[in-house]
Amino acid sequence: MAKASNTSSTFTLPNTSTTVKRMGYGAMQLAGRDGNKFVWGPPPDVPGAIAVLREAIASGVDHIDTSDFYGPHITNQLIKQALHPYPDNLVIITKVGARRGADGSWPHARSRQDVIDAVHDNLRNLGLEVLDVVNLRLGGLTGPEHEPFEEPLTALAELKHQGLIRHIGLSTVSARQLAEAQAITEIVCIQNFYNVAQRTDDSFVDALAEQGIAYVPYFPLGGFSPLQSSKLNEVAASIDATPMQVALAWLLHRSPNILLIPGTSSVQHLRENLKAATLELSGETLAALDSIGAAAA
């Protein structure tokens with residue numbers, strides 16, 4: 001069941017002084033496309049991409065999710081071009097653990113040297129001396145895979161000790177992998193596939209909330225069946241909101257440790273998404289939305 005929460009509230013990463021608003025922005029969609037190569041090359045409208053980033057900050061967004069393998073390098077370079085020197089309160093969250101093949105693929109890049117190189121690439125392309133949060137990407141596209149990760153995570157922990165990283169997170173992992181990772185270094189956030197229709201992580205979200213660890217869902221409209229999409233559309237129409245706004249608002253209501261990073265390359269869609277932070281959902285609406293996930297269970 002979704003739980004009532006203050007959807008416009010803030011969240012402080014565990015054992016840190018880093019506090020962010022729960023609604024952020026994901027920069028992946030700012031990169032372009034080259035045939036079947038997605039998130040590849042510069043966008044067709046560079047000034048438009050820069051305008052989206054500046055509008056996000058002007059609207060109060062204080063954390064941006066990115067990676068140097070988006071493009072590759074493109075989104076970080078756009079962020080630097082649009083926002084550097086950065087506002088004092090801006091938290092930039094990036095990720096490592098993959099690279100881009102010439103064919104547009106996303107092969108793993110998890111050796112010690114891969115991680116070191118990736119951190120330095122992010123620092124250089126963002127124009128930073130220290131990265132606020134670095135997520136180690138594991139697993140597949142939508143779910144965790146039980147695989148060794150001690151080498152890349154230890155490398156990140158060493159870079160944190162050197163002062164190049166402030167905090168470390170994980171992406172696409174299980175509860176068991178989190179426990180294994182916590183034996184190596186402190187973890188402040190988890191980024192996994194989760195939304196109103198895809199509820200596999202329900203118990204994980206609650207367990208992380210008890211630990212004070214942020215949960216950052218990706219694909220807020222991913223993996224919906226046609227029936228589930230129809231139900232979401234019906235609920236959205238009944239409260240005069242867009243399906244994306246309702247999906248995001250449900251996530252904010254779900255648990256106070258959930259942070260959102262919806263992405264878009266449109267200023268209009270950015271403004272629509274940000275309105276989800278002020279969208280209140282009644283008990284009846286929450287029950288209707290919960291039934292979408294229950295139908296898939």
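What you see is a predicted model; the values in this text were computed from it and never measured.

### Focus: the pairing of strand β10 (residues 189–193)
- Taking burial as the measure, the five residues of β10 include five buried ones, the bulk of the element.
- Burial along β10 is two-sided: the face carrying Cys189, Gln191 and Phe193 and the face carrying Ile190 and Asn192 are both buried.
- Following the backbone out of strand β9 (residues 165–171), through helix α5 (residues 175–182) and into the adjacent parallel β10, one traces a crossover that is right-handed.
- One ladder, built from five bridges, connects β10 with strand β11 (residues 214–218); its direction is parallel. Considered in β11, the bridge of Phe193 is made with Tyr218.

### Let's talk about the packing of aromatic side chains
- Evaluation of the coordinates by the stated rule reveals eight aromatic pairs.
- Ring plane angle 85° and centroid distance 5.8 Å describe the contact between Phe69 and Trp106, whose orientation is recorded as edge-to-face. One end of the pair, Phe69, is in the loop between β6 (63–65) and α2 (74–83); the other, Trp106, is in the loop between β7 (91–96) and α3 (112–126), and 37 residues separate them in sequence.
- With centroids separated by 5.6 Å and ring planes inclined at 85°, the aromatic side chains of Tyr194 and Tyr215 adopt a geometry described as edge-to-face. Linking Tyr194 in the loop between β10 and α6 (202–211) with Tyr215 in strand β11, this pair joins segments that are 21 residues apart in sequence. This pair shows no difference in class: Tyr194 is buried, exactly as Tyr215 is.

### With respect to a negative patch on the surface
- Together, Asp114, Asp117, Glu150 and Glu151 give the surface a local cluster of negative charge.
- Put simply, the parts of the chain that give the negative patch at least two residues each are α3 and α4 (150–161).
- Position of Glu151 among the secondary structure elements: in helix α4.

### Examining empty space enclosed by the protein
- Considering all chains together, one arrives at one cavity of 30 Å³ or more under this definition.
- Volume-wise, the largest cavity comes out at about 60 Å³.
- The wall of the largest cavity is formed by Leu13, His63, Asp65, Ile93, Asn135, Cys189, Gln191, Ala214, Val216, Leu259 and Ile261.
- Secondary structure elements with two or more residues in the lining of the largest cavity: β6, β10 and β11.
- Here the lining of the largest cavity is built from residues that sort into seven nonpolar, three polar and one charged.

### What about helix α8 (residues 243–254)?
- Taking 1.5 Å of rise per residue, the 12 residues of α8 would be expected to cover 16 Å, and the 16 Å separating its terminal C-alpha atoms lies within 8% of that figure.
- Within the sequence span of α8, burial applies to Gln245, Val246, Ala247, Leu248, Ala249, Trp250, Leu251, Leu252, His253 and Arg254.

### Topic: the pairing of β9
- Counted residue by residue, β9 has six buried out of seven residues, so it is predominantly covered.
- Running through α4, the crossover from strand β8 (residues 131–137) to the neighbouring parallel element β9 is right-handed.
- For β9 and β10, the ladder comprises three bridges, and the chain directions are parallel. Paired with Ser171 across the strands is Gln191, a residue of β10.

### Side note on the pattern of salt bridges
- Per the stated rule, a full pass over the model turns up 11 salt bridges.
- Put simply, Arg112 and Glu158 hold a salt bridge, and the shortest N to O gap is 2.4 Å. Within this pair, whereas Arg112 is found in helix α3, its partner Glu158 is found in helix α4, the two being separated by 46 residues in sequence.
- Note on Arg112: relative accessible area 38%, which makes it partly exposed.
- Arg124 serves as the salt-bridge partner of Asp121, at 2.6 Å between the closest nitrogen and oxygen. Here Asp121 pairs with Arg124, and both are found in helix α3, just three residues apart, close to one helical turn.
- Here Asp121 falls in the partly exposed class, since its relative accessible area comes to 22%.
- Via salt bridges that share partners, Arg199, Asp202, Asp206, Arg254 and Asp290 belong to a single interconnected network.

The rules behind each value
- Residues numbered from 1 in each chain as written.
- Predicted model: local features only at pLDDT ≥ 70, side-chain atom pairs only at ≥ 80, totals over all residues.
- Heavy atoms only, no water.
- Buried < 20%, exposed > 50% of the residue type's maximum accessible area, 1.4 Å probe, protein only.
- Helix = DSSP H or I, 4+ residues; strand = E, 2+ residues; numbered from the N terminus.
- Right-handed = clockwise from strand over helix to strand, strands pointing away.
- Pairing = 2+ DSSP bridges.
- Phe/Tyr/Trp six-rings, centres within 6.5 Å; stacked < 30°, edge-to-face > 60°.
- Patch = residues over 30% accessible without salt bridge, like charges linked within 9 Å, V, L, I, M, F, W, Y side chains within 5 Å.
- Areas by Shrake-Rupley, 256 points an atom, 1.4 Å probe, with all protein chains shown as cover.
- Salt bridge = Lys/Arg side-chain N within 4 Å of Asp/Glu carboxyl O.
- Lys, Arg positive; Asp, Glu negative; His and termini not counted.
- Charge placed at Lys NZ, Arg CZ, Asp CG, Glu CD.
- 1 Å grid on protein atoms, 1.4 Å probe; cavity = no way out; pocket = protein on both sides within 12 Å on 5 of 7 lines; lining within 4 Å.
- Points joined across faces, edges and corners; volume = space filled by probe spheres on them.
- Nonpolar A, V, L, I, M, F, W, Y, C, P; charged D, E, K, R; others polar.
- Expected span 1.5 Å × (residues − 1).

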